Amino acid sequence: MSATLSKPARKSTISATELAEIERHLSRRCAVMKRLIKTHGSCTIGRSRRDPFHVLCTSIISQQLSVKAADTIQARVATAVLAGAAEKGWFMPAHFIEVEFDLLRSAGLSNAKAKWLIAIAQKVHSGEFSFEKLRKLDDEAAIEALDALPGIGRWTAEMYLMFALARRDLFALDDVGLRNGVNRLFNDGAKLDDAATLAIAERWRPYRSIASWYLWRAMEAAPKVG
C-alpha cells in the first residue's frame, strides 16, 4: 500500500496525481464505484483552494434551501455586504460585523441565519475561533469545534470539512442523498439501517468523502420517481 493510502494528507487541495490514485483505489475496492467513476468523471472535491470563512457563510445561507434558492439569497447577501470590494467576492468577517442586521434580513436571510453569520464573524474576527487551529485538528475534533459555533450542526460541519478543507475520509450518515444512494445502488432501493450503511462505506476507506461525491452524482442522474 502506498504512503498516500496508508496516511491521507491533511492538505486542503487534491492534486490530479492523488485523485487518480484515489480513483484507482476505489475502483479496486468497489465495482459500483468503478462504474460511477467511469460515468461521472473526476471528483471536484479539493480541486482548488477555498476561503474557509466564505465557505462557512455559504453553508449557513444554504441550509434547508434548494440550490436555486440558496444561490439567489447568497447573491443578494453578496450585493448587500460586499459592494464589489472583497477579493474574489469572498465574504470576510468585517462584512458581517459592519453590516446592518435589517440589510441581511432584506437580502432574504432568516432572523436566525443573520444572527449566526454575525456571531461567527465576531468570533473569527476576535480570534476566539481560528481556522488555522481547525486545520490541525483530526476530523472528529474539528467537527466538535465547528458544532460549537452558532447555527452549525454535525451535517454542516461534515460538509465544511469535505468541501472547504478537502478532508478525504468523511461519510455523513445523516445525509439523505447519501443514504438514498447507498440504498439504491447496493440494496435495490430498500432502506438499510445505520450499521449496514456504514459497513458498505467501510470498503471506501480512507476516501469516503470522494465516494460520497460519486453517490451524490449518481442520485442527481437517477430517474425521478413519482
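You'll find the structure just up there.
A brief report on the enclosed structure follows. For clarity, every value in this text was computed on a predicted model and none was experimentally measured.

1. Some thoughts on the nonpolar core
Inference 1: Grouped together as the largest cluster of nonpolar side chains are 68 residues, with contacts concentrated most on V77, F91, F96, L146, Y160 and W204.
Inference 2: The greatest single-element share of this core, amounting to seven residues, is contributed by helix α14 (residues 208–221).
Inference 3: Beyond its immediate chain neighbours, meaning those up to four positions away, F91 contacts D51, F53, H54, C57, T58, I61, Q74, V77, A78, V81, L82 and F96.

2. Thoughts on the packing of helix α10 (residues 139–147) against helix α11 (residues 154–163)
How two helices sit against one another is set out by the angle between their axes and by the gap between those axes.
Inference 1: Their axes nearest at 9 Å, the elements α10 and α11 cross at an angle of 125 degrees. Judged by the angle between their axes, α10 and α11 are oblique. Note that α10 runs across α11; the crossing there is right-handed. Residues D139, E140, A142, I143, L146 and D147 of α10 form the contact with α11, whose participating residues are R154, A157, E158, Y160 and L161.
Inference 2: Of the residues belonging to the contact of α10 with α11, the class tally is six nonpolar, no polar and five charged.

3. Describing the pattern of salt bridges
Inference 1: Evaluation of the coordinates by the stated rule reveals 11 salt bridges.
Inference 2: Between E18 and R168 there is a salt bridge, and its shortest N-O distance comes to 3.0 Å. Of this pair, E18 sits in helix α2 (residues 16–29) while R168 is found in the loop between α11 and α12 (176–187), placing the two residues 150 residues apart along the sequence. Both residues of the pair, E18 and R168, belong to the buried class.
Inference 3: Between E132 and R135 there is a salt bridge, with the nearest N and O atoms lying 3.9 Å from each other. In this pair, E132 and R135 both sit in helix α9 (residues 131–136), three residues apart, roughly one turn of the helix.

4. Some thoughts on the packing of aromatic side chains
Inference 1: Counted by the stated rule, this structure contains eight aromatic pairs.
Inference 2: Ring centres of F91 and F96 lie 5.4 Å apart, and the angle between their planes is 65 degrees; on these two criteria the pair is classed as edge-to-face.
Inference 3: Cluster of aromatic residues (ring-pair linked, three or more members): F53, F91 and F96.
Inference 4: Taking the ring centre of W213 as reference, the NZ or CZ of R217 above it sits at 4.8 Å.

5. Overview of unusual backbone geometry
Inference 1: Residue P206 follows R205 across a cis peptide bond; omega there is 0 degrees.
Inference 2: Despite not being glycine, Q64 shows a phi value in the positive range, around 60 degrees.
Inference 3: By relative accessible area, Q64 is classed as exposed at 83%.
Inference 4: Despite not being glycine, A166 shows a phi value in the positive range, around 55 degrees.
Inference 5: Here A166 shows up in the loop between α11 and α12.
Inference 6: With relative accessibility at 1%, the residue A166 sits in the buried group.

6. Points about the environment of R203
Inference 1: The topology assignment puts R203 in the loop between α13 (194–201) and α14.
Inference 2: With 182 residues separating them along the chain, R203 and E21 place their C-alpha atoms 16 Å apart.
Inference 3: Contacts of R203, omitting those with residues within four sequence positions, involve R29, C30 and F186.
Inference 4: A distance of 3.2 Å separates a polar side-chain atom of R203 from the backbone oxygen of I200.

7. A look at the layout of surface pockets
Inference 1: Its volume calculated, the largest pocket comes out at about 870 Å³.
Inference 2: Contributing to the lining of the largest pocket are 23 residues, with S62, V67, W155, M159 and F163 lying nearest its centre.
Inference 3: Only α4 (52–62), α5 (67–81), α11 and α14 provide two or more residues apiece to the lining of the largest pocket.
Inference 4: Classifying every residue of the lining of the largest pocket by side-chain character gives 11 nonpolar, seven polar and five charged.

8. Describing α11
Inference 1: Across the 10 residues that make up α11, a large majority, seven, are buried.
Inference 2: For α11, the set of buried residues is T156, A157, E158, M159, Y160, L161 and M162.
Inference 3: Elements in contact with the buried residues of α11: α4, α9, α10 and α14.

9. A closer look at the side chain of R167
Inference 1: With respect to the helices and strands, R167 occurs in the loop between α11 and α12.
Inference 2: Side-chain polar atoms of R167 contact the backbone oxygen of R135, separated by 3.0 Å.

Each value, and the rule that gives it
- Residues numbered from 1 in each chain as written.
- Predicted model: local features only at pLDDT ≥ 70, side-chain atom pairs only at ≥ 80, totals over all residues.
- Heavy atoms only, no water.
- Core = buried A, V, L, I, M, F, W, Y, C linked by side-chain atoms within 4.5 Å.
- Buried < 20%, exposed > 50% of the residue type's maximum accessible area, 1.4 Å probe, protein only.
- Helix = DSSP H or I, 4+ residues; strand = E, 2+ residues; numbered from the N terminus.
- Contact = heavy atoms within 4.5 Å.
- Axes fitted to C-alpha atoms, helices over the stretch in contact; angles between N-to-C directions.
- Parallel < 35°, antiparallel > 145°, perpendicular 65-115°, else oblique.
- Left-handed = near helix turned anticlockwise from the far one by under 90°.
- Nonpolar A, V, L, I, M, F, W, Y, C, P; charged D, E, K, R; others polar.
- Salt bridge = Lys/Arg side-chain N within 4 Å of Asp/Glu carboxyl O.
- Phe/Tyr/Trp six-rings, centres within 6.5 Å; stacked < 30°, edge-to-face > 60°.
- Lys NZ or Arg CZ within 6 Å of the ring centre and 35° of its normal.
- Polar contact = N/O pair within 3.5 Å; in protein donor to acceptor, adjacent residues only side chain to side chain.
- 1 Å grid on protein atoms, 1.4 Å probe; cavity = no way out; pocket = protein on both sides within 12 Å on 5 of 7 lines; lining within 4 Å.
- Points joined across faces, edges and corners; volume = space filled by probe spheres on them.

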